[in-house]
Amino acid sequence: GESVGLHLPTLSVQEGDNSIINCAYSNSASDYFIWYKQESGKGPQFIIDIRSNMDKRQGQRVTVLLNKTVKHLSLQIAATQPGDSAVYFCAEREQGGSEKLVFGKGMKLTVNP
Amino acid sequence: EPEVTQTPSHQVTQMGQEVILRCVPISNHLYFYWYRQILGQKVEFLVSFYNNEISEKSEIFDDQFSVERPDGSNFTLKIRSTKLEDSAMYFCASSEYGGNQPQHFGDGTRLSIL
């Protein structure tokens with residue numbers, strides 16, 4: 001069935017370090033993946049997305065990697081800042097016309113100054 | 001930057017009462033969604049809406065739930081007779097074209113059922 005899960009529930013890093021947040025998905029029919037950031041009291045904020053015909057996509061300070069062979073998604077944040085502290089969710093959309101995003105449980109990133 | 005806005009930020013309602021949660025999606029977006037997040041759990045899909053009709057709904061979205069786009073800017077979620085287990089954060093989202101386009105979320109309405 002569909003499920004998206006995060007390997008690590010919490011991650012604590014030092015300011016300036018690079019962070020890697022991992023996500024496993026089980027639905028091989030998913031063709032679109034999104035990373036969201038959620039700060040306390042706010043809704044999920046779009047960070048970056050990737051389609052299944054790509055294996056890497058870069059944004060500003062963020063890179064998403066997709067490994068379809070092992071159904072793994074990761075978010076790399078370069079030079080992590082205190083403002084990056086939040087809960088991060090991966091989400092997937094199933095191929096074939098569904099509009100539904102299936103979210104993972106979330107992982108809390110804490111950046112220590 | 002355009003954003004999805006939701007009102008109220010917090011709604012407290014007696015069990016059995018009707019509640020309407022309101023959303024103003026991003027103005028040029030065509031696809032609208034409701035999700036909910038029970039405290040400590042995953043964000044869950046409720047319903048998607050396009051071209052003035054429901055395009056998809058989850059098993060959570062039973063007969064007690066309905067959605068409406070009463071005018072060109074608002075998108076509402078109604079729960080007809082609330083239950084204790086309806087207590088959650090409810091997020092509205094919109095997408096420009098649906099499909100492989102990001103869904104942009106509002107900051108949610110915290111619904112507390114007493």
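Scroll up a little and you will see the structure.
Every chain is numbered independently, its residues counted from 1 as its sequence is written. Written order decides the labels, with chains lettered from A and ligands numbered from 1. Totals for whole chains, interfaces and linings use every residue, but because this is a predicted model, local features are given only for residues with pLDDT of at least 70 and side-chain atom pairs only at 80 or more, for both listing and counting. To get the side-chain values, take all heavy atoms of the structure and skip hydrogens and water.

What chain A contains, in helices and strands, is 0 helices and 11 strands. Helix numbering and strand numbering both begin at the N terminus, where a helix is a DSSP run of H or I of at least 4 residues and a strand a DSSP run of E of at least 2. Reading chain A from its N terminus to its C terminus gives the helix and strand order β-β-β-β-β-β-β-β-β-β-β. The size measure is the radius of gyration over C-alpha atoms, and the globule rule it meets is 2.2 Å times the number of residues to the 0.38 power. Taking 113 residues into account, the globule formula puts the C-alpha radius of gyration at 13 Å, and chain A, at 13 Å, falls close to it. Principal-axis analysis of the C-alpha atoms gives chain A an extent of 45 × 30 × 20 Å. Only protein chains enter the accessibility calculation, which uses a 1.4 Å probe; a residue is then buried when its area is under 20% of its type maximum, exposed when over 50%, and partly exposed in between. The buried share of chain A, reckoned over its 113 residues, is 44%. What makes two residues a contact is simply this: any of their non-hydrogen atoms within 4.5 Å. Considering only contacts within chain A whose residues lie at least 6 apart along the sequence, 54% involve residues at least 24 apart. Within the structure as shown, chain A displays about 5400 Å² of accessible surface, and the carbon and sulfur contribution to it stands at 45%. Across chain A, the mean location of the 12 positive side-chain charges is 1 Å away from that of the 11 negative side-chain charges. Only the protein chains shown count as cover for residues, and all accessible areas are computed by the Shrake-Rupley method using a 1.4 Å probe. The positive count covers Lys and Arg only, the negative count covers Asp and Glu only, and His and the chain ends enter neither. Working definition for charges: the position is that of NZ of Lys, CZ of Arg, CG of Asp or CD of Glu.

Moving on, we come to the overall build of chain B. Along its length, chain B carries 0 helices and 11 strands. In sequence order, the secondary structure elements of chain B are arranged as β-β-β-β-β-β-β-β-β-β-β. By the compact-globule yardstick of 13 Å for 114 residues, chain B fits well, its C-alpha radius of gyration being 13 Å. Overall, chain B is about 35 × 30 × 25 Å in size when its C-alpha atoms are taken along their principal axes. For chain B, the proportion of its 114 residues judged to be buried stands at 45%. Counted over contacts in chain B with a minimum sequence separation of 6, partners at least 24 positions apart contribute 54%. A total accessible area of about 5700 Å² is found for chain B, and carbon and sulfur atoms account for 45% of it. Averaging the positions of the 9 positive and the 15 negative side-chain charges in chain B gives two centres separated by 5 Å.

Residues and elements named next belong to chain B. Taken in spatial order, the 4 strands of this open sheet run S1-S3-S8-S7, and their pairing is antiparallel. Two strands lie at the open edges of the sheet, namely strand S1 (5-7) and strand S7 (65-68), each paired on one side alone. Pairwise comparison of adjacent strand axes, ignoring direction, gives a mean angle of 20° for this sheet. Pairs of strands are assigned from DSSP output, requiring at least two bridges between the strands. With 3 bridges connecting them, S1 and strand S3 (residues 19-24) associate as antiparallel partners. Following the sheet pairing, threonine 5 is matched in S3 by valine 24. Axis angles are defined between N-to-C directions and span 0 to 180 degrees, where every axis is a line fitted to C-alpha atoms and, for a helix, only to the segment in contact.

Let's shift gears to the state of the cysteines. Residues and elements named next belong to chain A. Any two cysteine sulfur atoms lying within 2.5 Å of each other are counted as a disulfide. Applying the stated criterion across every chain yields a total of 2 disulfides over all chains. Residue pairing for cysteine 23: its cysteine sulfur links by disulfide to cysteine 90, the two sulfurs lying 1.8 Å apart. Disulfide cysteine 23 to cysteine 90: torsion about the S-S bond roughly 55°, handedness right-handed. One end of the pair, cysteine 23, is in strand S3 (residues 19-25); the other, cysteine 90, is in strand S9 (residues 86-94), and 67 residues separate them in sequence.

Glancing now at the layout of surface pockets. With a 1 Å grid laid over protein atoms only, a set of points is called a cavity when a 1.4 Å probe fits there but cannot get out and a pocket when it is open yet has protein on both sides within 12 Å along at least five of seven lines; lining residues have an atom within 4 Å of a point. Grid points are joined across faces, edges and corners, and a volume is the space filled by probe spheres set on the points. In this structure, the largest pocket occupies an estimated 520 Å³ of space. Considering the residues around the largest pocket, the lining is formed by 24 residues, among which Gln38 and Phe89 of chain A together with Gln37, Leu39 and Gly40 of chain B are closest to the centre. Looking at the lining of the largest pocket, the elements that each hand over two or more residues are S9 of chain A together with strand S9 (88-95) and strand S11 (109-113) of chain B. Among the residues making up the lining of the largest pocket, the classes are represented as 11 nonpolar, 9 polar and 4 charged. In this classification, the charged set is Asp, Glu, Lys and Arg, the nonpolar set is Ala, Val, Leu, Ile, Met, Phe, Trp, Tyr, Cys and Pro, and all remaining amino acids, among them Gly, are polar.

Further remarks concern the side chain of aspartate 84 of chain A. Mapped onto the secondary structure, aspartate 84 of chain A falls in the loop between strand S8 (72-77) and S9. If we skip the residues at most four places from it in the chain, aspartate 84 of chain A touches Lys37, Arg61, Ile77, Ala79, Leu109 and Val111 of chain A.

In this section: the interface of chain A and chain B. Contacts between the two partners involve 22 residues from chain A, matched on the other side by 21 residues from chain B. Together, the buried faces of chain A and chain B total about 1800 Å²; carbon and sulfur atoms form 53% of this surface. Buried area: the accessible area, evaluated with a 1.4 Å probe, that two parts lose upon being put together, summed over both parts. Three residues stand out in chain A for area buried against chain B, namely Pro44, Glu99 and Phe103 of chain A, and they jointly supply 32% of the buried area on that side. By definition here, a salt bridge exists when the distance from a side-chain nitrogen of Lys or Arg to a carboxyl oxygen of Asp or Glu is within 4 Å. On inspection of chain A and its partner chain B, the count reaches 0 salt bridges. Here a polar contact means two N or O atoms within 3.5 Å. Within protein one must be a hydrogen donor candidate and the other an acceptor candidate, and residues neighboring in sequence count only if both atoms are side-chain atoms. Our count for the contact surface shared by chain A and chain B stands at 10 residue pairs in polar contact (both at pLDDT 80 or more).

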